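Working through the structure, step by step
Chain by chain, the residues run as shown.
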Amino acid sequence: MNIHDSEKMIGLLSESGYSAIANPENADLIIFNTCAIRAKAEQKFYSQLGRVKILKRKNKNLKIAVAGCVAQDARERIFQKAPFVDYIFGPQNIHKINDLLSKNQDIATEENRDIAFEEFTARRQSNIKAWVSIMYGCNNFCSYCIVPYTRGREISRPSSSIISEIKDLARQGYQEVTLLGQNVNSYRSDIGFVDLLKQIDAFAINRIRFVTSHPRDFSVDLIHALSKLQSLCGHIHLPLQSGSDSILKSMNRGYTYKEYIKGIELLRNRMPNIAITTDIIVGFPGETDEDYLYTVKALKEIEFDGIFAFKYSKRKGTKAFEMSGQITDHIKSERLTYILSLQEEITYKKNKELEESVQEVLIEGPSQTDTLMLSGRTRSNKIVTIPNSSEVTGSLIPVRILKARRHSLDGINAALETALTSE
Ligand code: 5AD
Ligand code: SF4
């Protein structure tokens, strides 16, 4: 979400003559687009902020802006901590960026629902894959989470505006679009989420994805759409957070483990090959060994294709901040380490099941680890590496999977293989 917010900012700034550059030493403006989801992200920002102070001494015209969720959360406190900062603006005030920069020093952190009606011309990093916001904010108030406080109340973009953005991306030749929202299932403007998906499916975009789905709002209609609509990719990210009902309750997640499993079963009955990924938090206040073991059990039972697992991080202003039974960092680390190693094995096993299958891969460019290889993703969002036989970046090719690795798959262009063997 932050990456796409940055793309929007760069789009807006290009209207007033700015362009993005690689080296901060040559910049006239540096924007920190910050994340406050866990304390670590916030600390990282503050240590980087300290470093640009020196650049300001060298270049008197340099302006420093702090955007994103830390800006929204800390507001004026950032000016107090770092008086060399010129601008502070939150995620709901991105569209005000050019107005803000015309002032000497300013702050924009008020709740701004207009953002949902803004037509951004984002400067996208990729010309193959695009992020598209469909809604802003979150109403869920999971007890650990700072997002509802920094990104504000949920509001959906009008469907006509989303559709015209996607039509335009199709015209430009984008192959993949990921619809973005904190809780996409509760998208509601003139139409609901499933109807929005149906309309988007009609355009010439090969791959449509969406993040993030909330298990509580996961509907049979959506499962039906996933199995029927051609452009929708066979992957869903469905954050479980914990396998323990009492922890889920104190997290205010609004579902039990049994209800979550029911959704998974429905999904897999309809689409046996669907990839399912999740988010897990360990060490939430009050998490006993028994609660934690329920999460371990859940991972073994469900066998996710991949997980993002985090140590619970206290965020001021959230309900969980005040809760008793805070867990020591030592226990959190132990729990996280075990969960990650368990999941490594499960992911590897899942990847192994794909050996010898043929997968459609969207070629994204040279592999980061070996420039003689190309890298891309399957519809299930798994990374695949193939030998570079001059496949065009942005093309969709059939790939036979030769070997599973822990974090990726090795394959070969199946069309080329067939052509060679029939010669
Ligand atoms: N501590 C740890 N993880 C968190 N997440 C959100 N808030 C916190 C927190 N305070 C995780 C959740 C969410 C993901 C985006 O970040 O798992 O799904
Ligand atoms: Fe945070 Fe919960 Fe909203 Fe996700 S659904 S952004 S975890 S409050």
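See the structure shown above.
Scope of this entry: the structure provided in the associated data block.

Thresholds, definitions, all that
- Residues numbered from 1 in each chain as written.
- Chains lettered and ligands numbered in written order.
- Predicted model: local features only at pLDDT ≥ 70, side-chain atom pairs only at ≥ 80, totals over all residues.
- Heavy atoms only, no water.
- Helix = DSSP H or I, 4+ residues; strand = E, 2+ residues; numbered from the N terminus.
- Contact = heavy atoms within 4.5 Å.
- Near = heavy atom within 4 Å.
- Polar contact = N/O pair within 3.5 Å; in protein donor to acceptor, adjacent residues only side chain to side chain.
- Salt bridge = Lys/Arg side-chain N within 4 Å of Asp/Glu carboxyl O.
- Buried < 20%, exposed > 50% of the residue type's maximum accessible area, 1.4 Å probe, protein only.
- Nonpolar A, V, L, I, M, F, W, Y, C, P; charged D, E, K, R; others polar.
- Pairing = 2+ DSSP bridges.
- Right-handed = clockwise from strand over helix to strand, strands pointing away.

Overview of the environment of I78
Here I78 is to be found in helix α4 (residues 76–81). Contacts of I78, omitting those with residues within four sequence positions, involve Y46, V66, V70, A71, V85 and I88.

Some thoughts on the site of ligand 1
Surveying the vicinity of ligand 1 reveals the residues I37, R38, Y144, Q241, D279, I281, F310, K311, Y312, S313 and R315. A distance of 2.6 Å is found between an oxygen atom of ligand 1 and a side-chain nitrogen or oxygen belonging to D279. Going through the elements one at a time, β11 (275–282) and β12 (306–311) are the ones with two or more residues in the shell around ligand 1.

A few points about the pattern of salt bridges
Counting across every chain of the model gives 27 salt bridges. Taking the shortest distance from any N to any O, the salt bridge between D329 and K311 comes out at 3.2 Å. In this pair, D329 sits in helix α13 (residues 329–352) while K311 sits in strand β12, placing the two residues 18 residues apart along the sequence. Among the residues examined, D329 registers a relative accessible area of 48% and is labelled partly exposed. The structure contains a network of salt bridges with shared partners spanning E176, R207, R209, E360 and R379.

Structural notes on the environment of N33
Secondary-structure assignment places N33 in strand β1 (residues 29–34). Taking the C-alpha atoms as reference points, N33 and F89, 56 residues apart in sequence, are found 9.5 Å from one another. Residues contacting N33, with those up to four places away along its chain left out, are N2, D5, S6, M9, A67 and G68. Of note is the side chain of N33, whose polar atom sits 2.9 Å from the side chain of S6.

So, the site of ligand 2
Ligand 2 sits among C138, N140, F141, C142, Y144, C145, V147, P148, Q182, H214 and R253. Looking at the shell around ligand 2 residue by residue, the class counts come to 7 nonpolar, 3 polar and 1 charged.

Overview of the pairing of strand β8 (residues 176–180)
With respect to burial, β8 is a largely interior element, 5 of its 5 residues being buried. Of the two faces of β8, both are covered, the one formed by E176, T178 and L180 as well as the one formed by V177 and L179. Relative to β8, strand β5 (residues 129–133) is paired through 5 bridges, and the arrangement is parallel. If you follow V132 over to β8, its bridge partner there is L179.

Structural notes on the pairing of strand β9 (residues 207–211)
Across the 5 residues of β9, 4 count as buried, placing the element largely inside the fold. Across 5 bridges, β8 lies against β9 in parallel orientation. Each residue of the ladder has a partner; that of T178, found in β9, is R209. Remark: the β8/helix α8 (residues 193–201)/β9 crossover connection has right-handed handedness.

Read these as geometric descriptors, not functional statements.
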